[in-house]
Amino acid sequence: MATSLSTILNAMRSGECAGHWVSEFYPDWSQGRTSFGGLTAAQAIHALRQSCEPVRPLRSLMVNFISAAGAGDIDVHCEELHRGNSATWAEARVSQAGKLVATAMACFGESRQSSVSVAAATRPACPSAEQIPDLMRRDNPMLPAFTHNYQMRFAIGGAPASAASGSELGAWTRYRDSDEAIGEAQLIAMLDLPPPAVMQMFQQPKPVSSLSWHIEFLDHLQAADSPDYQGWWFMHARAKACADGYSQEHTTLYTPSGRALAMSQQTVAIYA
């Protein structure tokens with residue numbers, strides 16, 4: 001049975017000094033020879049919440065994936081960089097055996113009154129999740145181990161290596177474990193679930209690797225048990241540009257009720 005994300009985060013333990021947290025490598029959350037990038041980001045934000053900023057809403061998170069994380073303990077060292085009247089900047093450095101795996105820079109900011117409001121894009125029209133078969137079957141040996149923790153159904157675009165002509169992707173997603181509370185770390189991990197939109201243009205399966213990932217939350221999060229968070233989430237992604245073996249991927253995350261909650265941009269190295 002797969003280890004739930006909540007179990008992984010709750011098992012993180014304090015290390016030898018202030019701001020130091022220790023986690024582990026979980027094979028059922030692996031992606032090839034390394035940990036799933038969404039899990040690494042979730043471990044980082046969880047440690048930052050414990051060490052630096054437990055209250056202010058997360059506004060942006062910048063993650064750089066530097067090297068692979070394999071079997072053994074994973075260290076997360078957190079540092080508060082600046083605390084202002086309304087915003088806190090903090091950084092987490094994820095390492096293993098002294099080798100840097102990833103860095104995560106977070107900005108937490110309090111809500112403020114403003115006369116300016118710009119509505120986010122609405123969720124595109126597409127078939128419902130119930131009309132589409134689940135692609136994340138646990139009996140599919142071709143899928144990375146981490147995908148078995150989710151359900152995902154493509155509503156726009158095609159599967160990786162389907163020789164599609166476009167780079168627009170729409171996917172319904174949710175945790176396979178119905179008891180997984182949808183908190184901040186769970187949303188961050190889920191945002192990294194869909195394959196890069198450009199992968200559907202591949203003629204045959206080829207590797208990809210995320211280099212950097214910037215997430216922006218459009219408003220403060222609700223409670224994990226909010227009715228707005230119950231059901232299938234939707235991610236709408238496009239490869240905005242692709243050249244020199246690098247793709248610029250833009251994604252918007254919508255709540256089950258259809259509200260745009262977060263946006264992300266990834267730089268992905270492609271080998272096709």
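Along each chain, residue indices are assigned from 1 in the same order as the chain's sequence is written. For this predicted model, a pLDDT threshold of at least 70 governs which residues receive local features, and a threshold of 80 or more governs which side-chain atom pairs are given and counted, while totals over whole chains, interfaces and linings are taken from all residues. With hydrogens and water excluded, all non-hydrogen atoms of the structure serve as input to the side-chain values.

**With respect to the packing of aromatic side chains**
Which entries qualify depends on this criterion: Geometry of aromatic contacts follows a simple scheme: Phe, Tyr and Trp rings, the Trp one being its six-membered ring, pair when their centres are within 6.5 Å, and the pair is stacked under 30 degrees between planes, edge-to-face over 60, tilted otherwise. Every helix listed is a DSSP run of H or I at least four residues long, and every strand listed is a run of E at least two residues long, numbered separately from the N terminus. With a 1.4 Å probe rolled over the protein chains alone, any residue whose accessible area is under 20% of its type maximum counts as buried; one over 50% counts as exposed, and the rest are partly exposed.
Scanning the model with the defined rule gives 9 aromatic pairs in all. Geometrically, the ring pair formed by tyrosine 150 and tyrosine 175 is tilted, given 4.6 Å between the ring centres and 45° between the ring planes. Here tyrosine 150 is found in strand E9 (residues 150–156), whereas its partner tyrosine 175 is found in strand E10 (residues 168–175), with 25 residues between them in sequence. Residues tyrosine 150 and tyrosine 175 agree in their burial class; the two are buried. Relative to tyrosine 254, the ring of phenylalanine 234 lies with its centre 6.4 Å away and its plane at 50°, an arrangement referred to as tilted. In this pair, phenylalanine 234 sits in strand E12 (residues 233–243) while tyrosine 254 sits in strand E13 (residues 246–254), placing the two residues 20 residues apart along the sequence.

**As for the pairing of strand E11 (residues 208–217)**
Within a regular strand, side chains alternate between the sheet's two faces. Quick note on the threshold: Paired strands are those between which DSSP finds at least two bridges.
As defined by bridge partners, strand E5 (residues 58–65) adjoins E11 across 5 bridges and the pair is classed as antiparallel. By the bridge assignment for E11, valine 63 is matched with tryptophan 213. As paired strands, E11 and strand E14 (residues 260–270) are joined by 9 bridges and run antiparallel to one another. Bridging across to E14, isoleucine 215 finds its partner in serine 264.

**Considering the sheet that holds strand E1 (residues 13–14)**
Across the sheet, which stays open at both edges, the 12 strands sit in the order E1-E2-E6-E7-E8-E5-E11-E14-E13-E12-E10-E9 with antiparallel pairing between neighbours. Strands with a single pairing partner mark the edges of an open sheet, and in this sheet they are E1 and E9. Direction of pairing for E1 relative to strand E2 (residues 20–24): antiparallel, over a ladder of 2 bridges. The partner of serine 14 across the bridge, within E2, is tryptophan 21.

**Thoughts on the nonpolar core**
The criterion, for reference: The nonpolar core is taken to be a set of buried Ala, Val, Leu, Ile, Met, Phe, Trp, Tyr and Cys residues, with the residues joined through side-chain atoms within 4.5 Å.
The biggest cluster of nonpolar side chains holds 60 residues, and the ones touching the most others in it are Trp29, Ile45, Leu48, Tyr150 and Ile188. The dominant element in this core, judged by the number of residues it contributes, is helix H2 (residues 37–51), at 7 residues. Membership of the second largest hydrophobic core comes to 9 residues, among which are Ala129, Ile132, Ile156 and Ala260.

**Things to note about helix H3 (residues 184–191)**
Burial runs high along H3: 8 of the 8 residues are buried. Buried within H3 are the following residues: Glu184, Ala185, Gln186, Leu187, Ile188, Ala189, Met190 and Leu191.

**Details of a nonpolar patch on the surface**
Counted only if it meets this: Residues forming no salt bridge and having over 30% relative accessible area are the ones grouped into patches, like charges within 9 Å of each other and nonpolar side chains (Val, Leu, Ile, Met, Phe, Trp, Tyr) within 5 Å. Per-residue and other accessible areas follow the Shrake-Rupley method at a 1.4 Å probe size, with only the shown protein chains counted as cover for residues. A pair is scored as a salt bridge if a Lys or Arg side-chain nitrogen falls within 4 Å of a carboxyl oxygen belonging to Asp or Glu.
There is a patch of nonpolar side chains on the surface, built from Leu81, Trp89 and Met105 and spanning about 260 Å² of accessible area. Looking at where leucine 81 falls in the secondary structure, it is placed in strand E6 (residues 73–83). Residue classification places leucine 81 among the partly exposed residues on the basis of a relative accessible area of 41%.

**Considerations on unusual backbone geometry**
Of note, alanine 161 is a non-glycine position whose phi angle comes to about 60°, a positive value. Given the relative accessible area of 22%, alanine 161 is considered partly exposed. Positive phi, close to 60°, is recorded for aspartate 244, a residue that is not glycine. With respect to the secondary-structure elements, aspartate 244 resides in the loop between E12 and E13.

**As for the state of the cysteines**
What counts here: Here, a disulfide means two cysteine sulfur atoms that sit within 2.5 Å of each other.
In the structure shown here, the tally under the stated rule is 0 disulfides. Between cysteine 107, a cysteine without a disulfide, and cysteine 52, which holds the nearest cysteine sulfur, the sulfur-to-sulfur distance is 13 Å. Judged by its relative accessible area of 12%, cysteine 107 falls in the buried class.

**Some words on the side chain of histidine 46**
Condition: Two residues qualify as a contact provided that any one of their heavy atoms is within 4.5 Å of a heavy atom in the partner residue.
Within the element layout of this structure, histidine 46 appears in helix H2. With residues up to four places along the chain from it excluded, the contact list for histidine 46 reads Leu9 and Met12.

**Some details on the pairing of E2**
By the criterion of burial, E2 is predominantly enclosed, with 4 of the 5 residues buried. Where E1 folds back on E2, the antiparallel hairpin that results is connected by 5 residues, among which glycine 19 adopts a positive phi of roughly 85°. Summarising the sheet, E2 and E6 pair through 5 bridges and their orientation is antiparallel. Counterpart to histidine 20 in the pairing with E6 is histidine 77.

**Some points on the pattern of salt bridges**
Where charged atoms from two side chains of opposite charge approach closely, those side chains can pair. In the structure shown here, the tally under the stated rule is 8 salt bridges. Glutamate 184 is the salt-bridge partner of arginine 49, the closest N and O atoms lying 2.8 Å from each other. Of the two residues, arginine 49 sits in helix H2 while glutamate 184 sits in helix H3, which places them 135 residues apart along the sequence. Overall, arginine 49 belongs to the buried group, its relative accessible area being 16%. When the shortest N-O distance is used, the salt bridge between glutamate 110 and arginine 56 registers 3.0 Å. Pair noted here: glutamate 110 is in the loop between strand E8 (99–109) and E9 and arginine 56 is in the loop between H2 and E5, with a separation of 54 residues, a long-range link. Its relative accessible area of 8% is what places arginine 56 among the buried residues.

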